[in-house]
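Coordinate analysis (summary)
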Amino acid sequence: MILSAKGLRKRYGGDPGVDAVICADLIVGAGEFVSIVGRSGSGKSTLLAMVGGLTAPTAGRVQLAGDEIWDLPEAQLADVRRERIGFVFQFPSLLPNLRAIDNVALPALLGNDVTPEYAYARAQGLLARVGLSDRTTTFPGQMSGGEQRRVVIARALINEPQLLLGDEPTSDLDEETEEEIFALLDNLRREENFAMALVTHNHALAQRADRMFEMRQGILLPCGEPRALVAAPIQRPEPTALKAPAPVGAAADGARDFEKLGKTLWAAAGRIFAAAALMFVLASAANYGVARYQQYELDAGRQRLAALEELATSTLQSDIASITRLGDSRYEVTIYLENTKAEHPIYVMSPSVQGFVQVGVGWQEAPLTPIDDATAAVLKVTGRQLYRFIFEARLTKFTELLPHYMHVRFSNTMLVSPESTPTNELFQRVDNYYVYLKPDNVDDATIAKDVRFPGPPPLWIWMPPH
Ligand SMILES: Nc1ncnc2c1ncn2[C@@H]1O[C@H](COP(=O)(O)OP(=O)(O)OP(=O)(O)O)[C@@H](O)[C@H]1O
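Here we summarise the structure given alongside this text. (Residues numbered from 1 in each chain as written. Predicted model: local features only at pLDDT ≥ 70, side-chain atom pairs only at ≥ 80, totals over all residues. Heavy atoms only, no water.)

1. Concerning the pattern of salt bridges
Tallied over the full model, the rule gives 25 salt bridges. Note that Arg-394 is salt-bridged to Asp-328, the shortest N-O span being 3.0 Å. Linking Arg-394 in the loop between strand S17 (384-392) and strand S18 (406-417) with Asp-328 in the loop between strand S11 (316-327) and strand S12 (330-339), this pair joins segments that are 66 residues apart in sequence. Residue classification places Arg-394 among the partly exposed residues on the basis of a relative accessible area of 45%. What makes Asp-328 exposed here is its relative accessible area of 54%. With its nearest N and O atoms 3.2 Å apart, the salt bridge here joins Arg-388 to Glu-332. In this pair, Arg-388 is assigned in strand S17 and Glu-332 in strand S12, connecting sequence segments 56 residues apart. Residue class for Arg-388 comes out partly exposed when judged on its relative accessible area of 30%. (Salt bridge = Lys/Arg side-chain N within 4 Å of Asp/Glu carboxyl O. Helix = DSSP H or I, 4+ residues; strand = E, 2+ residues; numbered from the N terminus. Buried < 20%, exposed > 50% of the residue type's maximum accessible area, 1.4 Å probe, protein only.)

What follows is the structure, encoded as structure tokens:
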């Protein structure tokens, strides 16, 4: 058995809080495919996030191949997420300034288990298997939605995960492409023998799983008859400490690829905007360092990355500081960046922020314009720094997880370095901030009929990252 989740429960917030998942048991065998359907807000994403090591459960446990993942220290949990679980989300999550092959290779380059040659050779092989052998050097912005999703799938498989988790991985695609991507995932699962748990709104596709579950108001219920396993399980090879380099031709190509990549990253950094997926949030030790991996002793490299990760994650904090109403569905949004160890400056490359409003099960971008010039520069952060933006949320229809309020996500991509002119240390970080935001065209009396607040309905309500 690969996944064993027992008695999972998740309550968000304080008093009274939201019981997103009340009770869920989910056991998935090696190579098995389970699907989860359910109404919006029933707790599907929360369940996947707990199973995938992204959101800590309030109660219950999750074992991955026998390891209790929620007992692991954060650093080891991050390794589990990167190496043993593949994620495919609905939202585009590729780094826009990296070519397809670099995006796919990146999770493998972040660990120390494989050589860059191996990572690039496997990335090339996976791109071929998802039908993109001729698009390896294409940038995500030049690809269709279906092609981008294929790249995301290749990236999810780069570290040979034991478990692939998909949260509505195809729901924004047209019917035919959705069908193709689903079939592709299923074929890859049989070939690579990873277990797969997919959340989908599409019942017809969900029924193709070995077992189907329905999430109903936070409770996971089995539904439908099990399908016979089609393929005989393939024996997973024992992991080796350091995988062998790829064949010479592929290795040489790969080496050229990441050398070029390293040279161009800093110049291209200004073009980066937020689109990276949740699992990459704190992990992308920028492609700049890729060529250097060959030269470093593994231990030295590990230590340096750990220090940089510490710098870029715990030392630098950021979130929404305030939101004020400007009228005509415009808001001034202030985001703060704070260096908690002010004695060591941190250099941040132009926070590039995008705003999204949830519409249906997806997110629709809404214009977000920086007010200050500061957001276009390399910034030395020594204390608390504020960035102001104008957010224009003129949507007539949006998803109301909280009655009348918009569910808004601000996504902030930053390149972080301990040096003002980064030479060899650069870390990409993507933060997502979530708020409920009161639309301009609803009066407080209307809201108060449906939601009880201690005072007048607030303009915005902060939510923890999810
Ligand atoms: N970070 C959070 N803070 C507070 N409440 C949350 C948070 N994340 C989710 N919720 C709430 O938990 C409940 C379950 O949400 P979840 O996203 O897991 O459902 P879902 O079934 O995946 O919905 P959808 O299909 O719309 O994505 C919802 O009521 C949602 O508003």
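2. Some words on helix H1 (residues 44-51)
Among the eight residues of H1, seven are classified as buried, and the element is accordingly described as predominantly covered. When we look at burial in H1, the residues that qualify are Lys-44, Thr-46, Leu-47, Leu-48, Ala-49, Met-50 and Val-51.

3. Some points on the environment of Gly-327
With respect to the helices, strands and loops of the structure, Gly-327 is situated in strand S11. Residue classification places Gly-327 among the partly exposed residues on the basis of a relative accessible area of 23%.

4. Points about the site of the ligand
The environment of the ligand is formed by 14 residues, the closest being Ser-40, Gly-41, Lys-44, Ser-45 and Thr-46. Gly-41 places a polar main-chain atom, nitrogen or oxygen, 2.7 Å from an oxygen atom of the ligand. Taking Gly-43, its main chain carries an N or O atom lying 2.9 Å from an oxygen atom of the ligand. In isolation the ligand has 630 Å² of accessible area, and contact with the protein removes 84% of it. Looking at the shell around the ligand, the elements that each hand over two or more residues are strand S2 (18-28) and H1. Counting residues per element, the shell around the ligand draws most heavily on H1, which supplies three residues. Among the residues making up the shell around the ligand, the classes are represented as five nonpolar, seven polar and two charged. (Near = heavy atom within 4 Å. Polar contact = N/O pair within 3.5 Å; in protein donor to acceptor, adjacent residues only side chain to side chain. Areas by Shrake-Rupley, 256 points an atom, 1.4 Å probe, with all protein chains shown as cover. Nonpolar A, V, L, I, M, F, W, Y, C, P; charged D, E, K, R; others polar.)

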